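Coordinate inspection notes
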Amino acid sequence: MDNYYIAEDVRYIGVDDTDLDLFEGQYPIPEGVTYNSYFIDDEKLAILDTVDASKTNVWIDNLKTELKGRQPDYLVVSHMEPDHSSNIKLLLDTYPQCKAICSAKAVAMIKRFFDTDYSERIIVVKEAEEISLGKRTLKFFMAPMVHWPEVMVTYETFGGILFAADGFGKFGTNHTTEDWDDEARRYYINICGKYGASVQALLKKAATLKINMICPLHGPILKTDLGHYIGLYDTWSKYQPETNGVFIPYCSLHGNTEAAALKLQEILKSQDPNIPVKTCDLSREHVSYAVSDAFRYSHIVFAAPTYDAGIMPLMDDFIHHLQSKALQNRTFAVIENGTWAPVAGKKMREAIESLKAMTFVEPMVTIESTVKESTVEKLKELAVNLLK
Ligand code: FEO
């Protein structure tokens, strides 16, 4: 992507990555991802973050276009995860007068990643410390565990620009037209979902600032309707549901559990045509989409067969992801299947009740091998209770 204008003397110098299949080696990114980097052309020249090693050459070209033969003064290091930090050494070695600005916790990480002590070239900043570039001033706020412990965000005081590190990031390049909410939710929940309290702390700091623009490390720069994005972050990080509706993640060995899940969807829609209901076949959708939807919806119905005297592994894995991301504060129900000795329902219920503030809705529905009239009656009873 060509460099583009963010504000007077502030340029985007990041890169698109449409070559990577799995972000962090685990999340599909069908529309790619961006590694955002910014350049401020003031009396002092500042670079905010580098990019992933796979895109070094493109980024260096973008940077050189802005430097026009000059030497940068500062590199702000918001976050040490390699998708942003990989080129710190290259930059500092190429431009000997450039100093890195970072949090105290980032210092040890720089040494670990690059096996080089840049102690003479590092400016460690504390909470609310400022560094003037000339017209513009950078003010730093610590944001530990959004998403790593060393993270800090930078507020540019002249233009009211918040450089938000991983906060407000999104999967997809800036050339896609997809809705922000879905891929930003999937990014946030899967990457930072566990750290809701840390995000809440950052939002409280942000509320004291006049923010005109948010520049994240992934995805589009947010210039309008900021209340919408901040509101979603507030909802997600408080573990509150975003949509009053029913999400039905299921897995199925021979189609019978799937039939029950789809039947429940049909019954719910017949009882309340306006209620959002979404199903997800865990065998065919990547778990990151299901985790994202579990955080989105107020009610979740888990449907899985018994397998090896436990839960079918796809559902077991999904629930493990929800535990890992600390899902809480939802209403849930369970549908199990078993031809002899069904136990998946009991085990799913126990696992989900280990999460905070989860409310179980009766009845637990047991499919005895296939969906029968008696199963449908139980599903109808469950639907009534879910819609109460
Ligand atoms: Fe985009 Fe936590 O790095």
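Everything discussed here concerns the structure shown above.
It should be emphasised that the depicted structure is a prediction, and the values quoted were computed from it without experimental measurement.

Focus on the overall build of the chain
Scanning the chain from N- to C-terminus turns up 12 helices and 23 strands. Overall, the C-alpha framework of the chain stretches about 75 × 40 × 35 Å when taken along its three principal axes. The buried share of the chain, taken over its 388 residues, is 56%. In the chain, the share of contacts with a sequence separation of at least 24, taken over all contacts with a separation of at least 6, comes to 70%. A total accessible area of about 15900 Å² is found for the chain, and carbon and sulfur atoms account for 50% of it.

Comments concerning the side chain of Asp49
Along the polypeptide, Asp49 turns up in the loop between strand S8 (45-48) and helix H1 (56-67). Despite its burial, Asp49 remains without a salt bridge, the nearest opposite charge being carried by Arg121 at 16 Å. One polar contact links Asp49 to Ser78, side chain to side chain, over a distance of 2.7 Å. For Asp49, the residues in contact, after removing those within four places along its chain, are Asn36, Ser37, Trp59, Leu75, Val76, Val77, Ser78, His79, His84 and Leu217.

Thoughts on the pattern of salt bridges
Note on pairing: side chains with opposite charge can pair once their charged atoms come close. In total, this model carries 22 salt bridges according to the counting rule given. Residue Glu178 is joined to Lys170 by a salt bridge in which the shortest nitrogen-to-oxygen separation is 2.7 Å. The partner of Glu353 in a salt bridge is Arg349, and the shortest N-O contact between them spans 3.1 Å. Of the two residues, Glu353 and Arg349 both sit in helix H11 (residues 344-353), four residues apart, roughly one turn of that helix. Residue Glu353 is classed as partly exposed on the basis of its relative accessible area, which comes to 37%. Connected via shared salt-bridge partners are Asp182, Arg185, Glu242 and Arg296.

Details of the sheet that holds strand S7 (residues 38-41)
The strand order S1-S2-S7-S8-S9-S10-S11 describes an open sheet built from seven strands, whose pairing is mixed. Strand pairing shows two members of the sheet lacking a second neighbour, strand S1 (4-7) and strand S11 (122-124), which therefore form its edges. Neighbour to neighbour, the strand axes of the sheet diverge by 25° on average, direction disregarded. Set on the sheet, H1 makes contact with strand S2 (10-12), S7 and S8; between it and S7 the angle comes to about 10°.

Thoughts on the sheet that holds strand S16 (residues 213-215)
The mixed open sheet is built from five strands, whose spatial order is S12-S13-S14-S15-S16. Either end of the sheet is taken by a strand with one partner, and the two such strands are strand S12 (130-132) and S16. Going across the sheet, the axis of each strand differs from the next one's by a mean of 20°, ignoring polarity. Summarising the sheet, S12 and strand S13 (residues 137-142) pair through three bridges and their orientation is antiparallel. Residue Ser132 lies in a different strand from S13, and its bridge partner there is Thr137.

Let's talk about the packing of helix H6 (residues 196-206) against helix H7 (residues 226-237)
For any two helices packed against each other, the geometry comes down to the angle between their axes and how far apart the axes lie. Interhelical geometry of H6 versus H7 gives an angle of 145° and a closest axis separation of 8 Å. Like other packed secondary-structure pairs, H6 and H7 cross with a definite hand, here left-handed. Of H7, the residues touching H6 (which contributes Gly196, Val199, Gln200 and Leu203) are Ile230, Tyr233, Asp234 and Ser237. In terms of residue class, the contact of H6 with H7 is made up of four nonpolar, three polar and one charged.

Concerning the nonpolar core
Of all hydrophobic cores here, the largest spans 93 residues; its most connected members are Trp59, Leu63, Phe302, Met315, Phe318 and Met348. Examining the composition of this core, we find that seven residues originate from one element, helix H5 (residues 180-192), more than from any other. If we ignore the near neighbours within four places in the chain, the residues touching Met315 are Pro249, Tyr250, Cys251, Leu282, Phe302, Ala303, Ala304 and Met348. In this structure, Leu48, Val125, Ile131 and Met142 belong to the second largest nonpolar core, which totals 23 residues.

Details of the state of the cysteines
The tally for this structure, following the rule as stated, stands at zero disulfides. You can see Cys192 has no disulfide; the closest cysteine sulfur is in Cys215, sitting 17 Å from it.

Definitions and cut-offs
Residues numbered from 1 in each chain as written. Predicted model: local features only at pLDDT ≥ 70, side-chain atom pairs only at ≥ 80, totals over all residues. Heavy atoms only, no water. Helix = DSSP H or I, 4+ residues; strand = E, 2+ residues; numbered from the N terminus. Buried < 20%, exposed > 50% of the residue type's maximum accessible area, 1.4 Å probe, protein only. Contact = heavy atoms within 4.5 Å. Areas by Shrake-Rupley, 256 points an atom, 1.4 Å probe, with all protein chains shown as cover. Lys, Arg positive; Asp, Glu negative; His and termini not counted. Salt bridge = Lys/Arg side-chain N within 4 Å of Asp/Glu carboxyl O. Polar contact = N/O pair within 3.5 Å; in protein donor to acceptor, adjacent residues only side chain to side chain. Pairing = 2+ DSSP bridges. Axes fitted to C-alpha atoms, helices over the stretch in contact; angles between N-to-C directions. Left-handed = near helix turned anticlockwise from the far one by under 90°. Nonpolar A, V, L, I, M, F, W, Y, C, P; charged D, E, K, R; others polar. Core = buried A, V, L, I, M, F, W, Y, C linked by side-chain atoms within 4.5 Å. Disulfide = S-S within 2.5 Å.

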